[in-house]
Amino acid sequence: MSKFNKVTPEFVEKLRSILGEKGVTTDPEKLLTFQTDEEGNSYWFRTPEVVVFPETTEQVAAVVKLANEHLVPITPRAAGSGVACGAIPIHHGLVMELDRMNKILELDEDNLYAVVQTGVRTSEIQEQCRQRGLLYAGDPCSADSCQIGGNVATNAGGNKAVKYGTTRNQIYGMKVVTPTGDIVDIGGRLQKCSTGYCLEQLFCGSEGTLGIITEVTLKLRPLPPYKFDLVSIFKTDDEAFTLPNKLLKAGIEPTSIEYMDNEALKISSNYCDITLPHVDEGVCYVIVTVETFDEDELDRKMEKAGDVCEACGAVDVIAADERIWGCRRQFAEAARDIDIMFVAEDFVVPLDKIAEITSKLPALKEKHGLYTVTVAHIGDGNIHVLPLNKDGLSPEGWMEKMESFHADLFKEVYALGGKMSGEHGVGYKKLKEFKRHTPEGERNIIKAIKKALDPNNIMNPSKIVDIDE
């Protein structure tokens with residue numbers, strides 16, 4: 001069993017000798033601000049004993065070495081915008097807040113790469129690239145608030161994953177502090193490599209369990225100068241879910257294909273205080289973005305996309321202006337405005353199974369007495385069903401209802417070849433579900449890697465897998 005020690009005054013003084021007075025806090029009120037990430041259910045909250053704010057990789061390494069020697073668990077934290085309890089200090093101990101490491105160290109316009117510290121906000125990277133006619137293709141919906149280190153740690157997805165892939169497709173390499181305090185550079189600015197294990201891909205999506213990412217080398221692309229956004233409006237989900245494969249087979253190559261059900265449209269438009277076309281008719285929306293480097297090509301693809309939408313049964317096809325994209329981006333805030341304890345489901349299935357899994361949702365909702373709203377990245381099969389606690393259950397009662405719902409939901413997801421998370425991660429919140437639905441052999445490999453790199457289990461323990469189970 002892992003043995004963790006309490007944070008002592010002597011330990012805190014050693015931290016201050018590394019980070020200075022302003023780099024460490026044990027103030028009870030400040031500690032409370034780190035008891036959760038975006039999770040709103042107090043059932044999951046845990047308060048750290050100390051929070052540190054390093055500014056350099058060397059400081060991170062010194063703190064990790066100290067924590068490893070004293071057997072104090074570390075919870076790495078970026079912006080705290082996750083929804084899987086990945087940044088919650090389950091075993092209390094030390095939270096390492098990385099937002100002071102927020103510099104873009106290099107942005108090479110000619111060679112199409114950037115080197116950034118872990119605490120840089122994703123939107124800042126996007127904007128700095130845009131000003132130079134470049135594109136950083138990572139585009140999670142929380143780009144305005146999330147940080148690149150958290151994106152890498154969870155392998156964040158987002159709106160542009162259909163064309164460009166998730167965060168792991170945007171990285172060349174990274175600088176990592178291991179659980180024993182070593183500083184290691186992994187990956188490289190190469191177009192291909194078959195030299196040893198692909199360690200940068202291992203660390204991407206590891207949710208802080210294998211080490212702390214302090215710098216990332218990102219791939220950049222030329223920014224396509226032409227694009228169109230359209231909304232295809234459908235009366236039924238079945239019609240809407242036929243669209244992604246039809247667009248792909250037509251050679252249209254969308255950048256994003258986003259779905260919003262009628263309930264999601266209602267709560268988002270109410271939250272944004274705007275009126276959207278046809279919403280009062282019970283419709284759903286599919287928002288399609290296409291980008292090109294040639295204006296004539298854009299015109300051809302726009303005409304073809306409209307034809308495909310109509311052939312799939314769309315009752316209307318209109319331009320997707322900023323009102324509509326604003327509603328899509330504000331969807332999570334609209335849900336939170338109704339219920340702070342909402343649960344952001346994140347399962348992913350093959351494209352041809354989207355209609356089948358969503359057809360099972362009404363019966364599951366009825367069985368468990370749930371009100372849900374749904375949006376999805378249907379171009380890559382990633383479905384966000386959000387149950388809302390409209391009946392006002394207690395934190396414990398709501399958690400129990402969700403566990404019961406998950407037992408049925410994930411059984412159906414995995415039966416269709418899916419997984420429980422497409423971009424949010426497992427964290428602590430889905431620890432039991434991951435164990436239940438993941439083959440033992442696969443979990444044993446994950447645990448073996450964790451034990452090898454983190455022999456004292458100090459690095460974000462009890463996330464993804466529990467090596468003490």
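As the structure is a computational prediction, the values presented were derived from the model and not from experiment.

What counts and what doesn't
Counting restarts for each chain, with residues numbered from 1 along the sequence as it is written. Local features in a predicted model are, by the rule used here, given only for residues with pLDDT of at least 70; side-chain atom pairs are given and counted only at 80 or more, and totals for whole chains, interfaces and linings are based on all residues. Excluded from the side-chain calculation are hydrogens and water; included are all heavy atoms of the structure. Between rings of Phe, Tyr and Trp, where Trp is taken as its six-membered ring, a pair exists when centres lie within 6.5 Å; planes separated by under 30 degrees are stacked, by over 60 edge-to-face, and by other angles tilted. A run of H or I in DSSP becomes a helix once it reaches four residues, and a run of E becomes a strand once it reaches two; helices and strands are each numbered from the N terminus. Exposed residues in this analysis have more than 50% of their type's maximum accessible area, buried residues have under 20%, and partly exposed residues fall in between, with area computed by a 1.4 Å probe over protein chains only. Placement of a charge over a ring requires the Lys NZ or Arg CZ to be within 6 Å of the ring centre, with the centre-to-atom vector within 35 degrees of the ring normal. UniProt positions are given in the numbering used here, feature names are shortened, and annotations may be inferred rather than shown by experiment.

Visitor: I would appreciate a short explanation of the packing of aromatic side chains in the present structure.
Guide: Remark: the centre distance and the inter-plane angle together describe each pair of aromatic rings, the angle taken between the planes. Inspection of every chain in the model, using the stated rule, returns four aromatic pairs. When the ring of Phe34 is compared with that of Phe53, the centres are 6.1 Å apart and the planes differ by 65°; the resulting orientation is edge-to-face. One end of the pair, Phe34, is in the loop between helix H2 (28-32) and strand S2 (50-52); the other, Phe53, is in the loop between S2 and helix H3 (57-70), and 19 residues separate them in sequence. For Phe53, a relative accessible area of 13% puts it in the buried group. Note on Tyr43 and Trp44: the rings are 5.0 Å apart at their centroids and 90° apart in plane angle, and the pair reads as edge-to-face. For Tyr43, a relative accessible area of 31% corresponds to the partly exposed category. Residue classification places Trp44 among the buried residues on the basis of a relative accessible area of 10%. Site record: aromatic cluster; members linked through ring pairs are Tyr43, Trp44 and Tyr428. Here Lys219 stacks its cationic end above the ring of Tyr172, 5.4 Å away from the centre of that ring.

Visitor: In this structure, what is going on with the UniProt feature "domain: FAD-binding PCMH-type" (unreviewed entry) in the protein chain? I would like to understand it.
Guide: If you check UniProt for "domain: FAD-binding PCMH-type" (unreviewed entry), the listed places come out as residues 43-223 in our numbering. Between the C-alpha atoms that bound residues 43-223 there is a distance of 44 Å. The span itself is 22% helix and 25% strand.

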